[in-house]
There are 2 protein chains.
Amino acid sequence: MEVQIAVAKVNKYAVSESGDTLEVVERPSGGLSVVLADGQTSGRGAKAVSMMVVRKVISLLAEGVRDGAAARAASDALFTEKHGKVISTLNIASIDLHTNTIVLARNNPVPVYICRGEQIDAHTEESRPLGTSRNVRPVITELAVEAGLTIIIFTDGIIHAGERSGHPMNVGETIRSIIEDQDPSPQELADSLLAHAISLDDNRPADDISVLVVKVITPSGDNVRRMNVRLPIHAK
Amino acid sequence: MEVQIAVAKVNKYAVSESGDTLEVVERPSGGLSVVLADGQTSGRGAKAVSMMVVRKVISLLAEGVRDGAAARAASDALFTEKHGKVISTLNIASIDLHTNTIVLARNNPVPVYICRGEQIDAHTEESRPLGTSRNVRPVITELAVEAGLTIIIFTDGIIHAGERSGHPMNVGETIRSIIEDQDPSPQELADSLLAHAISLDDNRPADDISVLVVKVITPSGDNVRRMNVRLPIHAK
């Protein structure tokens, strides 16, 4: 089998720095973790918060700390530094080759979608962002690695897309229409969801938006690990 | 313009853990750094060394430390811990959006290839791995971000491919033939170079092999950052 991870990420319109930070780290026991944080507000201040949270989490994961404990530590650190005045959402998706599971940790009111074939489930259990108080715990979901499993995680830019123009996005329906249309690759799925959100915002995203898709496929072609990053840049 | 980064990475035959570690980190002033280390020997011990080096470097880069200083710090830390008995190569490729340059730092005797159109240059300045002594400095190359620039970085698994069977790889010629054949995407280029090395090793890589390609293209399609990871896994 092969686990494929895709990310599509855009800044709020006319803001040069995204408040969303996403990084990937190798787990010491094998596998990868993808860590996504969305700092309160947008621009430079939000970026500093989300980078602080992601750095904290990935440094702990790299030391072998469990995902839930890493999320709680990042929350305590943020609360201690900002006294509850600045918060950040956090999603961790870990492919753990030691237990052959995918572990999702969520400190984010925005739901996560888990799809198996035609079945699409929104995981909407209540979940608080980091830094809101002491003792904030993530919602943990552990899934066996099995072919056909697709996980869709995003920041609240997706949820709020189109609200300004009075046409808010129905995320579940949008995901269903993308998945039913074809058997999309993770990148196609992430790109389509992001493109739909941007179009609802009249091509001027009202917030930073990040979409992360994890898909398990079978069979894999070869034994090669691959990574691909595309970074648009603007001449100064 | 858009900077595209591609990685293709394979373990030594019949070894479950690669001694090569590669991670990507966001730079606090904008842009990304890709950090690749190859720990001495292969398997678990080498992995621990290369992970230690990469963790050290990315945590410093995330704090805003310059690439050369981060490399020197990682070398000192490794030398202090292992007394010169364990060494590791290190390559850093940074896309610095603050200066609009690509900065290459190399502590690796293996050359880096820099291509502009048909011109392919091997950068072979002498360079020592980390941890060999005190005061090890990287070779630094700074390049303007310009369309058509392609940078090819790899670990010594590429250089040694085919030696066992007496048909060592001519890396420069292989790169030329791949580039002349078509206008390959970075992923196609990385995949082709890796596939050629594996075939010279009779499909049983004699060492861990990692290939990293950075390419500047113009124009970019949209303002979306994308990332894609493919992780083959084996049921236990």
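Here the structure is a predicted model, which is why all the values come from computation and not from measurement.

### Side note on the overall build of chain A
Part 1 of the reasoning: Summing up its helical and strand segments, chain A has five helices and eleven strands in all.
Part 2 of the reasoning: Against the compact-globule benchmark of 18 Å for 236 residues, chain A has a radius of gyration of 17 Å, which places it among compact chains.
Part 3 of the reasoning: Taking the principal axes of the C-alpha coordinates as reference, chain A spans close to 50 × 45 × 40 Å.
Part 4 of the reasoning: Among the 236 residues that make up chain A, the fraction classed as buried is 57%.
Part 5 of the reasoning: For chain A, contacts bridging at least 24 residues in sequence account for 71% of all contacts bridging at least 6.
Part 6 of the reasoning: As displayed, chain A has an accessible area near 9500 Å², and 49% of this comes from carbon and sulfur atoms.

### Some remarks on the sheet that holds strand S7 (residues 119-123) of chain B
Part 1 of the reasoning: As summarised here, the arrangement of the twelve strands in space is S7(A)-S6(A)-S9(A)-S10(A)-S1(A)-S11(B)-S11(A)-S1(B)-S10(B)-S9(B)-S6(B)-S7(B), forming an open sheet in which the pairing is antiparallel. Of all strands in the sheet, those with a lone pairing partner are strand S7 (119-123) of chain A together with S7 of chain B, marking the two edges. Taking each pair of neighbouring strands and ignoring which way they run, the sheet shows an average axis angle of 10 degrees.
Part 2 of the reasoning: Strand direction decides the pairing type here: strand S1 (residues 2-10) of chain A and strand S11 (residues 225-232) of chain B, joined by eight bridges, are antiparallel. Bridging across to S11 of chain B, Ile-5 of chain A finds its partner in Val-229 of chain B.
Part 3 of the reasoning: Packing against the sheet, helix H5 (residues 186-200) of chain A makes contact with S1, strand S9 (149-154) and strand S10 (209-217) of chain A together with S11 of chain B, and its axis sits at approximately 20 degrees to S1 of chain A.
Part 4 of the reasoning: Its contacts with the sheet place helix H5 (residues 186-200) of chain B against strand S11 (225-232) of chain A together with strand S1 (2-10), strand S9 (149-154) and strand S10 (209-217) of chain B, and it is angled at close to 20 degrees to S1 of chain B.

### Concerning the nonpolar core
Part 1 of the reasoning: Core analysis: the largest hydrophobic core is formed by 54 residues, its most contacted members being Ile-151 of chain A together with Ile-151 of chain B.
Part 2 of the reasoning: Among residues more than four places away in sequence, those in contact with Ile-151 of chain B are Ile-102, Leu-104, Val-112, Tyr-113, Ile-114, Leu-143, Leu-212, Val-213 and Val-214 of chain B.

### Brief notes about the environment of Lys-56 of chain A
All names here are of chain A.
Part 1 of the reasoning: Mapped onto the secondary structure, Lys-56 falls in helix H1 (residues 44-62).
Part 2 of the reasoning: Residue classification places Lys-56 among the partly exposed residues on the basis of a relative accessible area of 33%.
Part 3 of the reasoning: Separated by 101 residues in sequence, Lys-56 and Gly-157 place their C-alpha atoms 23 Å apart.
Part 4 of the reasoning: Setting aside chain neighbours within four positions, we find Lys-56 in contact with Ala-74 and Ala-77.

### Side note on the interface of chain B and chain A
Part 1 of the reasoning: Every contact between the two is made by 51 residues of chain B and, on the other side, 51 residues of chain A.
Part 2 of the reasoning: Both faces considered, chain B and chain A share a buried interface measuring about 5100 Å² in area, 52% of it formed by carbon and sulfur atoms.
Part 3 of the reasoning: Counting across the interface, chain B meets chain A through six salt bridges.
Part 4 of the reasoning: A salt bridge links Asp-191 of chain A to Arg-226 of chain B; the shortest N-O distance between them is 2.9 Å.
Part 5 of the reasoning: Between the two partners, chain B and chain A, sit 23 residue pairs in polar contact (both at pLDDT 80 or more).
Part 6 of the reasoning: When residues of the side of chain B that touches chain A are traced back to their parent elements, those giving at least two are S1, strand S2 (20-26), strand S3 (31-39), helix H1 (44-62), H5 and S11 of chain B.
Part 7 of the reasoning: Top element by residues in the side of chain B that touches chain A is S1 of chain B. It accounts for nine residues.
Part 8 of the reasoning: Residues that form the side of chain B that touches chain A fall into these classes: 26 nonpolar, eleven polar and 14 charged.
Part 9 of the reasoning: Here S11 of chain A pairs with S11 of chain B via five bridges, running antiparallel.

### Section: the pairing of S7 of chain B
Residues and elements named next belong to chain B.
Part 1 of the reasoning: As paired elements, strand S6 (residues 112-116) and S7 share five bridges and run antiparallel to each other. When the bridges of S7 are listed, Cys-115 appears paired with Ile-120.
Part 2 of the reasoning: Turn length for the S6-S7 hairpin, with the two strands adjacent in sequence and antiparallel, is two residues, and the turn residue Gly-117 shows positive phi of about 60 degrees.

### A few points about helix H2 (residues 67-82) of chain B
Residue and element names in this part refer to chain B.
Part 1 of the reasoning: Taking 1.5 Å per residue as the helical rise, H2 with its 16 residues ought to reach 22 Å, and the 22 Å between its terminal C-alpha atoms agrees with that figure.
Part 2 of the reasoning: On the buried face of H2, the contacting elements are S3, H1, strand S4 (88-96), strand S5 (101-107) and strand S8 (139-144).
Part 3 of the reasoning: Where H2 ends, the next residue or the one after it, His-83, has phi of about 55 degrees, a positive value.

### Let's talk about empty space enclosed by the protein
Part 1 of the reasoning: Counted according to the given criterion, the structure contains three cavities of 30 Å³ or more.
Part 2 of the reasoning: Considering only enclosed or pocket space, the largest cavity measures out at about 440 Å³ in volume.
Part 3 of the reasoning: Of the residues contributing to the lining of the largest cavity, the split by class is 16 nonpolar, no polar and twelve charged.

### Looking at the relation of the copies chain B and chain A
Part 1 of the reasoning: Superposing chain B onto chain A requires a rotation of 180 degrees together with a translation of 0.0 Å along the rotation axis, leaving an RMSD of 0.0 Å. Taken together, these values place the two copies in the relation of a two-fold axis. Closest approach to the rotation axis within chain B is made by the C-alpha atom of Asn-228 of chain B, at a distance of 2.5 Å.
Part 2 of the reasoning: In this assembly, 100% of the residues forming the interface of chain B have copies in chain A that are likewise at the interface, indicating an isologous arrangement.

### Remarks on the pairing of S5 of chain B
Regular strands have side chains that alternate between both faces of the sheet.
All names here are of chain B.
Part 1 of the reasoning: The buried fraction of S5 amounts to seven of the seven residues, a majority that puts the element mostly inside the structure.
Part 2 of the reasoning: Of the two faces of S5, the one holding Thr-101, Val-103, Ala-105 and Asn-107 and the one holding Ile-102, Leu-104 and Arg-106 are both buried throughout.
Part 3 of the reasoning: Where S4 lies against S5, seven bridges are found, and the strand directions are antiparallel. Residue pairing in the sheet places Ala-93 in a bridge with Leu-104 of S5.
Part 4 of the reasoning: Linkage of S4 to S5, two consecutive antiparallel strands, is achieved through a turn of four residues, within which Asn-100 is found at a positive phi near 55 degrees.
Part 5 of the reasoning: Bridge count for S5 against S8 is six bridges, and the pairing is antiparallel. Bridging from a neighbouring strand, Thr-101 pairs with Ala-144 of S8.

Basis of the calculations
Position labels on residues start from 1 in each chain and follow its written sequence. Chains carry letters and ligands carry numbers; both start at the beginning, A for chains and 1 for ligands, and go up in the order they are written. At least 70 in pLDDT is required for a residue's local features to be given in this predicted model, at least 80 for side-chain atom pairs to be given and counted, and no such filter applies to totals for whole chains, interfaces and linings, which use all residues. For the side-chain quantities, the full set of heavy atoms in the structure was used; hydrogens and water were omitted. Every helix listed is a DSSP run of H or I at least four residues long, and every strand listed is a run of E at least two residues long, numbered separately from the N terminus. Radius of gyration here is computed from C-alpha atoms only, and the compact-globule reference equals 2.2 Å multiplied by the residue count raised to the power 0.38. Accessibility here uses a 1.4 Å probe with only protein chains present; expressed as a share of the type maximum, an area under 20% marks a residue as buried, one over 50% as exposed, and anything in between as partly exposed. We call two residues contacting when some pair of their heavy atoms lies within 4.5 Å. For accessible areas, the Shrake-Rupley method is used with a probe of radius 1.4 Å. Any residue's cover is judged against the shown protein chains and nothing else. Note: two strands are recorded as paired if DSSP finds a minimum of 2 bridges between them. Between the N-to-C directions of two axes lies an angle of 0 to 180 degrees, each axis being a line fitted to C-alpha atoms and, for a helix, fitted only over the stretch in contact. Put simply, buried Ala, Val, Leu, Ile, Met, Phe, Trp, Tyr and Cys residues joined by side-chain atoms within 4.5 Å make one nonpolar core. A simple way to read buried area is as the amount of 1.4 Å-probe accessible surface that goes missing from two parts once joined, with both sides added. The salt bridge criterion pairs a side-chain nitrogen of Lys or Arg with a carboxyl oxygen of Asp or Glu, the two atoms within 4 Å. Whenever a nitrogen or oxygen atom comes within 3.5 Å of another N or O atom, the pair is scored as a polar contact, on the condition that within protein one atom can donate a hydrogen and the other can accept it, and that pairs from neighbouring residues in sequence are kept only if both atoms are in side chains. Here the term charged refers only to Asp, Glu, Lys and Arg, the term nonpolar to Ala, Val, Leu, Ile, Met, Phe, Trp, Tyr, Cys and Pro, and the term polar to all other amino acids, Gly among them. To estimate the expected span of a helix, count its residues, drop one, and scale the result by 1.5 Å. As defined here, a cavity is a set of points on a 1 Å grid over the protein atoms alone where a 1.4 Å probe fits but cannot get out. A pocket is an open set with protein on both sides within 12 Å along at least five of seven lines, and residues line them when an atom is within 4 Å of a point. Grid points are joined across faces, edges and corners, and a volume is the space filled by probe spheres set on the points. The superposition of copies rests on a least-squares fit of C-alpha positions from residues with pLDDT of 70 or more in both.

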